[in-house]
Amino acid sequence: MEKKSPASGNNRFRYPLGAYLTVLAVLSLAFTSAMPGEQKETKSGIVRKAAVAGEFYPRDKVPLEKYVDALLRQADPPKIKEPIRAIMVPHAGYVYSGPVAAYAYKELEGRNFKTVILMANSHTEWFNGISVYKKGSFETPLGIVSIDEEKTSKLLTLSSKILDRPRTHEEEHALEVQLPFLQRVLKDFKIVPLLFGSDEPELSKVLADALKKIVDDKTLIVASTDMSHYPSYDDATSTDRETLQAIHTGQLDTLDAMLKQHVEKGIPNAETFLCGVSGVRTVLRLSQTLGPTVPVFLKYENSGDSPAGDKNRVVGYGAVAFVAQQSTTPNASPPAAVEKKSATDEEGMTPQEKKELLGIARSTVESYVQTKKIPAFSPASPALRRPRGVFVTLKETGQLRGCIGRFDSSGPLYLIVQQMAISAALQDPRFTPVSADELGQLEYEISVLSPLKKVKTADEIKLGKHGVQVSKGLYHGVFLPQVATETGWSKEKFLSELCSQKAGLPENCWKDPGVDLQVFTADVFSEEKKQE
């Protein structure tokens, strides 16, 4: 078997000789050689021995503790106070992806998880199913981690696609490399190791349906995945930013459509854009069924950012937390018809509430760009705590600088505004991330959205009043109502640009009976322009 590359774990990756020698020199400072993975029988059951200790991370206990603890100290993620349901983390050698993974694991410090479900796509076998390691334990230099045999046994009864297949795990690194981090941040936990035998979308549905029956508030789900494989540094940064944006929407169809677009671009040397896609799909499916969940971007780098990396052929790494958004006013969502209108506009928000929401957006972006911290707010107004979809638009000297939004109204409005403001500033694939020097020049606009409503034909669309979403299969595109006003387009031009520019469909797709047209209204407001 060929030696895995610690940058990705994929056997096909090869460095130029000079870069390869650099890698060996760096790794030799902290790592020593290790025997391949194996199992041993003890009085306590089967122990799956470490397969990549000494290759992907230090072989001995003390150096490994120091290495992981140093990565955690250096990580500076936003301070998430809400419950975390899942994380997405990379699985390469620590010298490459460890600094990114640490951003996710830092968020787990002090949390009380009893079971960690580990998911990845197998790098060593291809089969039609999901391999569960049913019983025994995994070992790392930091000690033994027991299998949650109650949950693994339950999973095996829930689908014929979930298989007791321990051999799949013997030499697999993608789950093993997560364990030392978990052992340093959690006190007492068991694991459920799962490996997908293929990336067929149906398997993520099978697993999500099964996990719903065993997941509780003491369970953490870990989707182990690297991102783009082997394009240049710039191509990886661009495509990975788009992938993270798609994940940030929380919509599985959006993610799959984005990955398909990446493939169709024919990016040189690119072989995959999300090698653990099945685990991420599973998390997104669960996010739609286990209660309101919002993805929170934590960190992105690629192997080219490592001193051992080669910027000509890189592997991308992203860290994301999937956060449960809990309303402080449960069951307190009175219908709009009973809201007081005396001091409000027709959408039910007062000028003061709009001003506060704009201030939250600005303060969040300025804090995050400068310190990587998301400020905490506690609005008193119920209108800012109700679930609403929203878009946040940034402009600079009157020109668009970023615009990201979501129709999903699973979280309080002010929290969704915070997330979309950060995304508009840093993750809009059309623009480079906002720099600290630009903060004072930005103008903020917020569009609070009504629910989507399907229309039969374009005749029902009222230009300037309605925003429109067009969708067919995995392709989606949205224009806000103000687009028509700002451009002066006719309805036909508006819809044609929506189809081609935003959805990646033919210009006349809006005439196709197979295309869904949905409309919405938006309460649009922006900061008052400063007087010169």
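Position numbers for residues start from 1 in each chain and track the written sequence from start to end. Residue-level local features of this predicted model are given only where pLDDT is at least 70; pairs of side-chain atoms are given and counted only at 80 or more, and the full residue set underlies all totals for whole chains, interfaces and linings. Side-chain numbers come from the whole structure's heavy atoms, not from hydrogens or water.

Student: Sorry, what's going on with the packing of aromatic side chains here?
Tutor: Aromatic ring pairs are described here by two measures, namely the spacing of the ring centres and the angle between the planes. Pairing of aromatic side chains requires ring centres within 6.5 Å, counting the rings of Phe and Tyr and the six-membered ring of Trp. Pairs whose planes differ by under 30 degrees are stacked, by over 60 edge-to-face, and all others tilted. Summed over the entire model, instances satisfying the criterion amount to seven aromatic pairs. Measuring from ring centre to ring centre gives 6.3 Å for Tyr 67 and Tyr 94, while their planes differ by 20 degrees; the resulting arrangement is stacked. Of this pair, Tyr 67 sits in helix H2 (residues 61-74) while Tyr 94 sits in helix H3 (residues 94-106); the two residues are 27 residues apart in sequence, bridging distant segments of the chain. A simple rule labels every residue: compare its accessible area, found with a 1.4 Å probe on the protein chains alone, to the largest value its type can have, and call it buried under 20%, exposed over 50%, or partly exposed in between. A relative accessible area of 2% means that Tyr 94 is categorised as buried. Ring centres 5.9 Å apart and planes at 45 degrees place the aromatic pair Phe 479 and Trp 489 in the tilted group. Of this pair, Phe 479 sits in strand S18 (residues 475-479) while Trp 489 is found in the loop between helix H12 (481-487) and helix H13 (491-502), placing the two residues 10 residues apart along the sequence. Judged by relative accessible area, Phe 479 falls into the buried class, the value being 5%. A residue is classified by how much of its surface remains accessible, and Trp 489, at 21% relative accessible area, is partly exposed. In this structure an aromatic cluster arises from ring pairing among Tyr 57, Tyr 67, Tyr 94, Tyr 105 and Phe 181. For a ring to carry a charge above it, either NZ of a lysine or CZ of an arginine must fall within 6 Å of the ring centroid while also lying within 35 degrees of the normal to the ring plane. Residue placement shows Arg 165 over the ring face of Phe 127; its charged tip is 4.1 Å from the ring centre. The ring of Tyr 233 is capped by Lys 311, whose NZ or CZ atom sits 4.9 Å from the centre of that ring. A run of DSSP states H or I qualifies as a helix once it reaches four residues; a run of E qualifies as a strand once it reaches two. Both are numbered from the N-terminal end.

Student: Could you clarify how one ought to interpret the environment of Arg 241 in this entry?
Tutor: Along the chain, the position of Arg 241 falls in helix H7 (residues 233-248). Measuring from C-alpha to C-alpha, the distance between Arg 241 and Pro 429 comes to 6.3 Å, with 188 residues separating the pair along the chain.

Student: Honestly, the pattern of salt bridges in this entry has me stumped. Any pointers?
Tutor: Any two side chains of opposite charge can pair if their charged atoms end up close together. Whenever a carboxyl oxygen of Asp or Glu lies within 4 Å of a side-chain nitrogen of Lys or Arg, that contact is scored as a salt bridge. Applying the stated criterion across every chain yields a total of 24 salt bridges. Here Lys 299 and Glu 301 are joined by a salt bridge, their closest N and O atoms 3.7 Å apart. For the salt bridge of Asp 428 with Arg 430, the shortest nitrogen-to-oxygen distance reads 2.7 Å. According to the relative accessible area criterion, Asp 428 is buried, its value standing at 2%.

Student: Sorry if this is basic, but what is going on with the nonpolar core here?
Tutor: For soluble globular proteins, the rule of thumb is that nonpolar side chains tend to be buried together. One finds Tyr 105, Leu 108, Met 119, Leu 182, Leu 194, Leu 357 and Ile 446 to be the most contacted residues of the largest nonpolar core, which totals 133 residues. Of all the elements, helix H11 (residues 413-426) adds the most residues to this core, at 11 residues. Joining through side-chain atoms within 4.5 Å is the link that ties buried Ala, Val, Leu, Ile, Met, Phe, Trp, Tyr and Cys residues into a set, and such a set is a nonpolar core. Counting residues in hydrophobic clusters, the runner-up holds 27 residues, among them Ala 458, Leu 480, Cys 509 and Phe 520.

Student: Help me out: how do you make sense of the layout of surface pockets in this one?
Tutor: Over the atoms, a rolling probe the size of a water molecule traces out where space has been left empty. Estimates place the volume of the largest pocket at around 1400 Å³. Put plainly, a pocket is an open set of points on a 1 Å grid over the protein atoms alone with protein on both sides within 12 Å along at least five of seven lines, a cavity is a set where a 1.4 Å probe fits but cannot get out, and a lining residue has an atom within 4 Å of a point. Gln 245, His 476, Gly 477, Val 478 and Lys 502 are, among the 46 residues lining the largest pocket, the residues nearest its centre. Every element with two or more residues in the lining of the largest pocket is listed here: H7, helix H8 (252-265), strand S13 (389-396), strand S14 (399-406), S18, H12 and H13. No other element matches the eight residues that H8 contributes to the lining of the largest pocket. All residues other than Ala, Val, Leu, Ile, Met, Phe, Trp, Tyr, Cys, Pro, Asp, Glu, Lys and Arg, Gly among them, are scored as polar; the first ten of these are nonpolar and the last four charged. In the lining of the largest pocket, the residues fall into 19 nonpolar, 15 polar and 12 charged. Grid points are joined across faces, edges and corners, and a volume is the space filled by probe spheres set on the points.

Student: Mind showing me how you'd approach helix H4 (residues 149-156) here?
Tutor: In an α-helix there are 3.6 residues to a turn, and that puts residues three or four apart on one side. Among all positions of H4, only Lys 151, Thr 152 and Leu 155 are buried. The buried residues of H4 occupy an angular sector of 100 degrees when projected down its axis, which confines them to one face. Tucked inside the fold, the buried residues of H4 contact strand S4 (115-121), strand S5 (130-132), strand S8 (162-164), strand S9 (190-196), helix H6 (201-211) and strand S10 (219-224). Directions drawn from the helix axis to the C-beta atoms are what define this arc. What makes two residues a contact is simply this: any of their non-hydrogen atoms within 4.5 Å.

Student: Got a minute to help me understand the sheet that holds S18 in this structure?
Tutor: Sheet strands line up and pair through hydrogen bonds in the backbone, either parallel or antiparallel. Here, strands pair whenever DSSP counts at least two bridges between them. Pairing in this open sheet of four strands is antiparallel, and the strands run S16-S19-S17-S18 from one edge to the other. Either end of the sheet is taken by a strand with one partner, and the two such strands are strand S16 (453-455) and S18. Within this sheet the neighbouring strands show an average axis-to-axis angle of 25 degrees, counted without direction. To obtain an axis, a line is fitted to C-alpha atoms, over the contacting stretch when the element is a helix, and the angle between two such axes runs from 0 to 180 degrees between their N-to-C directions.

Student: Looking at this structure, I do not really get the sheet that holds S13. What am I missing?
Tutor: Read across the open sheet, the four strands follow the order S14-S13-S15-S20; overall the sheet is antiparallel. For this open sheet the edge positions go to S14 and strand S20 (522-526), each flanked by a neighbour on one side alone. Mean inter-strand twist for the sheet, computed between neighbouring axes without regard to direction, equals 15 degrees. Both S13 and S14 contribute to a ladder of seven bridges, which runs antiparallel. Within the sheet, the bridge partner assigned to Thr 393 lies in S14 and is Cys 403. Relative to strand S15 (residues 442-449), helix H10 (residues 351-371) is tilted by about 125 degrees, and along the sheet it contacts S15 and S20. Most of the contacts of H11 go to S13, to which it runs at about 40 degrees, and overall it touches S13, S14 and S15.

Student: Mind showing me how you'd approach the packing of H7 against H8 here?
Tutor: Two numbers describe how H7 lies on H8: the axes approach to 8 Å, and their chain directions differ by 160 degrees. The orientation of H7 with respect to H8, classified from their angle, is roughly antiparallel. You can see that H7 and H8 cross each other, and the crossing is right-handed. Contacts between H7 and H8 involve Thr 239, Glu 242, Thr 243, Ala 246 and Ile 247 from the former and Thr 254, Leu 255, Met 258, Leu 259, His 262 and Lys 265 from the latter. In terms of residue class, the contact of H7 with H8 is built from five nonpolar, four polar and two charged. Reported orientations rely on four angle classes, namely roughly parallel under 35 degrees, roughly antiparallel over 145, roughly perpendicular from 65 to 115, and oblique for the rest. Rotating anticlockwise by less than a right angle from the far helix to the near helix defines a left-handed crossing, while the corresponding clockwise rotation defines a right-handed one.

Student: Hey, could you run me through the pairing of S15 in this one?
Tutor: Successive residues of a regular strand alternate their side chains across the two faces of the sheet. Along S15, seven of the eight residues are buried, which leaves the element largely enclosed by surrounding structure. Both S13 and S15 contribute to a ladder of eight bridges, which runs antiparallel. Across the sheet, Lys 395 pairs through a bridge with Glu 443, a residue of S15. Of the strand pairs in this sheet, S15 and S20 are connected by five bridges, and their pairing is antiparallel. From the neighbouring strand, Ile 446 faces S20, where its bridge partner is Phe 525.

Student: I tried to follow unusual backbone geometry on my own but got confused; where do I start?
Tutor: Negative phi is the rule for most residues except glycine; trans is the rule for most peptide bonds. Residue Asn 269 is not a glycine yet carries a positive backbone phi of 70 degrees. With respect to the element layout, Asn 269 can be found in the loop between H8 and helix H9 (277-287). What makes Asn 269 partly exposed here is its relative accessible area of 44%. Positive phi, close to 65 degrees, is recorded for Lys 372, a residue that is not glycine. When you line up the elements, Lys 372 lands in the loop between H10 and S13.

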